[in-house]
Structures are given as C-alpha cells and as structure tokens.
Amino acid sequence: MDYLPIFIDLRHGESLVVGAGEVARRKIETLVRARAQVLVIAKEACPSVQAMHDAGDIVLELRAFKPRDIDCASIVVAATSDHELNEKIAERAKALRIPVNVVDAPLLCSFIMPSIIDRSPVVIAISTGGAAPVLARALRAKLETSIPASYGRLAELMRDFRERVRTKITNSVNRRRFWEQAVTGSVAERMFEGKYDQALAALENLLSASADAPPQGEVYLVGGGPGDPDLLTFRALRLMQQAEVVVYDRLVAPQIVDLCRKDAERIFVGKQANDHALDQLEINALLVDLARQGKRVLRLKGGDPFIFGRGGEEIATLAEQGIAFQIVPGITAASGCAAYAGIPLTHRDYAQQCVFVTAHQQNGKIDLPWDSLVRTQQTLAIYMGMRSLKELSTALVEHGMSPNVPAAIIERGTTPEQRVIVGTVATLSEKAAQARCVAPSIVIIGEVVNLRRQLAWYESKTRMTK
Ligand SMILES: C[S@@+](CC[C@H](N)C(=O)[O-])C[C@H]1O[C@@H](n2cnc3c(N)ncnc32)[C@H](O)[C@@H]1O
C-alpha cells in the first residue's frame, strides 16, 4: 500500500483551496460535502464557485495568494493553473507539516483525494494511488449501482439504537452478535426494501428478544477445497467472515486463510506425515475448549472435511460434548484436481465408477482391497500415495492390472503451480522421481487419463496469464 486510507474530521479547522476554476470546484464540492470550513483564494472564480460563496457554503477571497495564507490551515488544496505556484504552495505546506493535495501532480501531494461513494454515514473511498483514476471511477460506478442508498439509513438507525443496545446487552460478544443479526437479517432486509418503519419494528423486536446470557460457542467444520479460493462455497465464505477463531491445517492455501475475518484469531494445527503441530486428540480438545469459551470457531480443512480429512472424529467429540456445529462440504482433491487437469473421473466409454482410496501407510505397509481396485471401466483416485508409489503400482500389477493402464500425478492441483505428470502404472513412480514431485499430489489411474490430451485447459490458461 502506498497510501493509508483515513477519514478526517474537517468540521473544525480551516480547509484552504487555492484556485477557483472548474478543477478546483470539484475539490471544493467534496470538502463542502464533508462539512469542512472552506476558504478559497483566487484571483477570479468560475460561476459555480462564486455561487457556493453566495449561498454561504464557502468563504471566497478574490485576491493573489500569499504564503502566509497557509499557516492556519488544517489541509491545503492547490488547484491553480499555474504549475510553479502550485509547487510553491506544496513546498510551504510540507515545511509546515500541513497535508497538501496538488491537483494532477501526485508527486507533489502528501495526500490524495479518493473516488467516493457517499451513503453517509457510510462512506466508501477508492483509490488507485494515482495510477489509474479511470479504473477507480469505473469501480465506483460498479459499486454505486450495487450498494443501495438505504445503507446510509440503516447505519443511522443502528447509530440511534447504539446506546440502548449497549445498556441492555452488556456482554461485548453478545452485542456484536446482536448487530450481526441485525445487518444480515430482517432489519436490513426491510430497510433495503425501503420499509423504514418495519425495519425499526424489527430492530425493536430483536432487542426485546435478546438476552444477556453468556454467549454460546459453536464450531463450523468447513472444507476449503483443494487450493483455488474461487472453489470455496458461498456458505464457507460467509462462515469464514463470521468466525472469531480459525483453526486451520497445512493443506489450506494461505490465500484461503486470508479470506477469513481480519480480526479473527488464527491457530495453525498443521499436519504433515510424522510432524504434527497438534495431534488429533489435541485438536479435538482445542475445538471443545474454544467453543466452551463462547467463541464461534471455524475449523478449516483442505478439500472436503469428510474425505480423508478426519472431520468425522472432530465432530464426534463435539457431539459428545453437546457443542453446536455445522458442516460445510468442500470440493475434494480428486474432483478439483481432475477437473483442472482435464481428466473426467467417469466417462460413458471408459469408466462407470470411480474409487477414492488412501495409500497412507499403517505400520509401514499399505493395506488396500486390491482385487476390488483392479477392475476395468474404473478410475482410481489415490490420496496420500506419493510415498508409496512404487509399492502401489507393483501391488496393482501383481493383482492383475495391466502395466500399460494410463496414470497421472496432479501436483498442487487447482493452483497456479499445478503440474500434471502422465505415464502408465508401470512408469509413474520413475516419472515422479524424475519430475521431483512435491506435496500435495494426487494419483489418478484409469483409461480416462488419456482424455487429457484433448481436454487439458488449465495449465495453458495459467501460462497465458502468468
Ligand atoms: C489428508 S488428505 C486430505 C484430503 C482432503 N480432505 C480432500 O478432500 O481433498 C491429503 C491428500 O489430499 C490430496 N490433495 C489435497 N489437496 C491437493 C492438491 N491441491 N493437489 C493435489 N493433491 C491434493 C493429496 O493426495 C494429499 O496427500
């Protein structure tokens, strides 16, 4: 960030604008909307600035600028057509440490004025740091149409109730939840429909129904998908914005964790084979403990929590302890990675079934129902198979699979770093070693892998956009 967006109260000091032409007019109007006390100094003024003076909105002095004019100002805007004069104004203001904006000269500015969407008291400011003002305007136009004017009235209504709510609901967590219910429920809905009286009644009802009991905690077990943040569900995103604590795994991409509420506490419980930050029992106990403190806890897992994610164990502990929970499915690695690799897991001509298995070793060996895995017209999606690729392919061939069956490894699927290594059951482990595959990677085995020649789309797209 090159500039820090802040909102300044200009109602009490003097805001000085030097210049009173058309360019200055826009700045003056913005300052007047912010209820600033504006002094404009210029040798002559365009009709609209003169009109603002006549209406009593600003003070206009038609004369030459003197350096000492700056001394008492809270902020200064230099908007004359004389570049040298603008530069002098900027220099003096900076020497006096008074914030200065010079129109169309970002390098001389110590502050810039953003594009504004005004739903007072809600104000949204957009800036591109002077890089692309047209883009800022385009964004503003987009937001103008999607943020109803009633947001301002809703904010006013909430301001009017603030004190009463503070008195009735003394617990700060409960108070925050009360307001969240107001802005996501019927109070906001009625307001957006333009029914002010009904919104007011809904807020009264909500307040009289609210109690100041200790806050109830709950846990959201959410699947974050295989990596691409665009694959999150709407519900996942909503709960990510709601939870006060996030407990997340190593498999969850940092860009996904970034979408959680900014002030949420983040607890990393990352797991890697033989290197567990917290073991499963400790994670289960942590969730119970946080919920008992009245917190809303997001248990964020990679892929889908119920597919090789031990989500069932975590939820069983919560259920035993009587703690409320919700489960939000995510896109599992097999379907996300296969889609991004252009490999359909089923296909009318090549595979009528698909089996998800884990090749995670128990006591140093893979224990799988090999006979049921070696079938024609079937796709295998093998999770956690990279450490035992050689044993895997040997066992499949020993149980009757042709060594020529096509196979693929999808590494870091659905992310811009995705790689797909294609071979056969016989060659895959050697190819993986040559390509130095890293985690996470998933193995897909079956005739459907050949369809990638025709259907691959994602890597060429990311190459194009890189
Ligand atoms: C502990 S399992 C978790 C699976 C997760 N619950 C799901 O539904 O995808 C971890 C394995 O999922 C696979 N995996 C997860 N994300 C992946 C990705 N982005 N690319 C490739 N494989 C992935 C890998 O096989 C990895 O070893």
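Note that the structure is a prediction, hence the values are computed from the model and not measured.

About the thresholds
Residues numbered from 1 in each chain as written. Predicted model: local features only at pLDDT ≥ 70, side-chain atom pairs only at ≥ 80, totals over all residues. Heavy atoms only, no water. Pairing = 2+ DSSP bridges. Helix = DSSP H or I, 4+ residues; strand = E, 2+ residues; numbered from the N terminus. Axes fitted to C-alpha atoms, helices over the stretch in contact; angles between N-to-C directions. Phe/Tyr/Trp six-rings, centres within 6.5 Å; stacked < 30°, edge-to-face > 60°. Buried < 20%, exposed > 50% of the residue type's maximum accessible area, 1.4 Å probe, protein only. Lys NZ or Arg CZ within 6 Å of the ring centre and 35° of its normal. Polar contact = N/O pair within 3.5 Å; in protein donor to acceptor, adjacent residues only side chain to side chain. Expected span 1.5 Å × (residues − 1). Bend = angle between axes of the 7 residues up to and from the residue. Contact = heavy atoms within 4.5 Å.

1. What about the sheet that holds strand β13 (residues 296–301)?
On the basis of which strands lie adjacent, the open sheet formed by five strands has the order β10-β9-β13-β8-β14 and parallel pairing. The open sheet has two free edges, formed respectively by β10 (265–268) and β14 (324–328), since each of these has just one partner strand. Across the sheet, the mean angle from the axis of one strand to that of its neighbour is 20 degrees, orientation sign disregarded. When strand β8 (residues 218–223) meets β14, the two strands line up parallel, connected through five bridges. Residue pairing in the sheet places Glu-218 in a bridge with Ala-324 of β14.

2. Digging into the packing of aromatic side chains
For any two aromatic rings, the description comes down to two numbers: the centre-to-centre distance and the angle of the planes. Taken as a whole and judged by the stated rule, the model has eight aromatic pairs. Relative to Tyr-383, the ring of Phe-356 has its centre 5.9 Å away and its plane inclined at 55 degrees; by these criteria the two rings are tilted. Within this pair, whereas Phe-356 is found in strand β15 (residues 353–358), its partner Tyr-383 is found in strand β16 (residues 378–383), the two being separated by 27 residues in sequence. A relative accessible area of 30% places Phe-356 in the partly exposed class. Here the aromatic residues Phe-308, Phe-356 and Tyr-383 are joined through ring pairs into a cluster of three or more. A cation over an aromatic ring shows up here: Arg-153 above the ring of Tyr-196, its NZ or CZ 4.1 Å from the ring centre.

3. Details of the environment of Glu-282
Mapped onto the fold, Glu-282 is located in helix α11 (residues 280–292). Engagement of the side chain of Glu-282 in a polar contact is seen with the backbone nitrogen of Asp-279, the distance being 2.8 Å.

4. Here's the deal with helix α5 (residues 150–168)
When the terminal C-alpha atoms of α5 are compared, their 26 Å separation across 19 residues agrees well with the 27 Å that a helix rising 1.5 Å per residue should span. If you look at α5, its biggest bend is around 45 degrees, right at Arg-162. Buried residues of α5: Ser-150, Gly-152, Leu-154, Leu-157, Phe-161 and Val-165, and no others. Along its buried surface, α5 packs onto β6 (115–119), α6 (172–184), α7 (186–192) and α8 (196–209).

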